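Take a look at the letters that make up each chain.
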Amino acid sequence: MRDQDGIATERTSGVLVVEVRGRLDIDTVTQWTAVIEATLCELPGPHRLVIDLGQLEFLSARGIRGLQRAFELCHERGISGCLIANPGSAVEKVIRLAGLAGRVPVFSHRLAAIAAYQPTEMRWLLA
């Protein structure tokens, strides 16, 4: 897992997991977006993007726009994606209030997110 300034990325079996910690706001969204764009363009490209916000403390409106842009990039490249947010957290509430949860699946933890993208016959291995 590569880690830089509150952003960690990990690739496994075509799934790119990006974990964002701390704050996603006007001060950090540009750096975060650059990391997403760079990792989506690496070869071989991922088939799925999982953005893990479980360790995120604050999500601003600018951060929401950054997340929306990340998923637009995914859509343009034919990559499916989802979010991870702690149920009942302030971050999860912002995601829902902004309407992002209606456009992108939101899971409570990483294992559930990755399992959802596995072939049905493989999901029992993750249970």
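Here we summarise the structure given alongside this text. (Residues numbered from 1 in each chain as written. Predicted model: local features only at pLDDT ≥ 70, side-chain atom pairs only at ≥ 80, totals over all residues. Heavy atoms only, no water.)

1. Describing the overall build of the chain
Now for step 1: The number of helices and strands found in the chain is four helices and eight strands.
Now for step 2: Counted from the first residue to the last, the chain has its helices and strands arranged as β-β-β-β-α-β-β-α-β-α-β-α.
Now for step 3: Total accessible area on the chain is roughly 6900 Å²; 55% of this is exposed by carbon and sulfur atoms. (Helix = DSSP H or I, 4+ residues; strand = E, 2+ residues; numbered from the N terminus. Areas by Shrake-Rupley, 256 points an atom, 1.4 Å probe, with all protein chains shown as cover.)

2. Focus on the nonpolar core
Now for step 1: In terms of nonpolar packing, the biggest core is built from 28 residues, with Trp32, Leu49, Ile51, Leu53, Leu67, Leu83 and Ile95 touching the most fellow members.
Now for step 2: Elements with a minimum of two residues in this core: β3 (15-20), α1 (29-41), β5 (48-52), β6 (56-59), α2 (61-77) and α3 (90-97).
Now for step 3: The element best represented in this core is α2, accounting for six residues.
Now for step 4: Among residues more than four places away in sequence, those in contact with leucine 49 are Leu16, Val18, Ile36, Phe71, Cys74, Ile79, Ser80, Gly81 and Cys82.
Now for step 5: In this structure, Val15, Ile84, Ala113 and Tyr117 belong to the second largest nonpolar core, which totals seven residues. (Core = buried A, V, L, I, M, F, W, Y, C linked by side-chain atoms within 4.5 Å. Buried < 20%, exposed > 50% of the residue type's maximum accessible area, 1.4 Å probe, protein only. Contact = heavy atoms within 4.5 Å.)

3. Topic: the environment of leucine 59
Now for step 1: Its place among the elements puts leucine 59 in strand β6.
Now for step 2: Leucine 59 sits in the buried class, given a relative accessible area of 6%.
Now for step 3: Sequence spacing of leucine 59 and lysine 93 is 34 residues, and the spatial spacing of their C-alpha atoms is 9.8 Å.
Now for step 4: Leave out the neighbours within four places in its chain, and leucine 59 touches Leu24, Ile64, Leu67, Val91, Val94 and Ile95.

4. Section: the environment of alanine 85
Now for step 1: In this fold, alanine 85 is placed in the loop between β7 (80-84) and α3.
Now for step 2: Overall, alanine 85 belongs to the buried group, its relative accessible area being 2%.
Now for step 3: Taking the C-alpha atoms as reference points, alanine 85 and valine 106, 21 residues apart in sequence, are found 6.8 Å from one another.

5. Focus: the pattern of salt bridges
Now for step 1: Counted by the stated rule, this structure contains eight salt bridges.
Now for step 2: The shortest N-O distance in the salt bridge between glutamate 10 and arginine 110 comes to 3.5 Å. Within this pair, whereas glutamate 10 is found in strand β2 (residues 7-12), its partner arginine 110 is found in helix α4 (residues 110-116), the two being separated by 100 residues in sequence.
Now for step 3: Given the relative accessible area of 29%, glutamate 10 is considered partly exposed.
Now for step 4: The residue glutamate 92 makes a salt bridge to arginine 96 at a minimum N-O spacing of 2.4 Å. Placement of both glutamate 92 and arginine 96 in helix α3 is noted, with a separation of four residues, approximately one turn of the helix.
Now for step 5: When its relative accessible area of 11% is taken as the criterion, glutamate 92 is described as buried.
Now for step 6: Look at arginine 96 and you get partly exposed, because its relative accessible area is 46%.
Now for step 7: Taken together, the shared-partner salt bridges connect Glu10, Glu19, Arg21, Asp52 and Arg110 into one network. (Salt bridge = Lys/Arg side-chain N within 4 Å of Asp/Glu carboxyl O.)

6. Quick word on the packing of α1 against α2
Now for step 1: Packing of α1 against α2 brings their axes to within 10 Å, and their N-to-C directions diverge by 15°. Comparing their axes, α2 and α1 come out roughly parallel. Seen from above, α1 lies across α2 with right-handed handedness. Two secondary-structure elements touch here, α1 through Val29, Trp32, Thr33, Ile36, Glu37, Leu40 and Cys41 and α2 through Arg62, Gly63, Gly66, Leu67, Ala70, Leu73, Cys74 and Arg77.
Now for step 2: Its residues assigned to classes, the contact of α1 with α2 shows nine nonpolar, three polar and three charged. (Axes fitted to C-alpha atoms, helices over the stretch in contact; angles between N-to-C directions. Parallel < 35°, antiparallel > 145°, perpendicular 65-115°, else oblique. Left-handed = near helix turned anticlockwise from the far one by under 90°. Nonpolar A, V, L, I, M, F, W, Y, C, P; charged D, E, K, R; others polar.)

It is worth stressing that arrangement in space is one thing and function is another; only the former is reported here.
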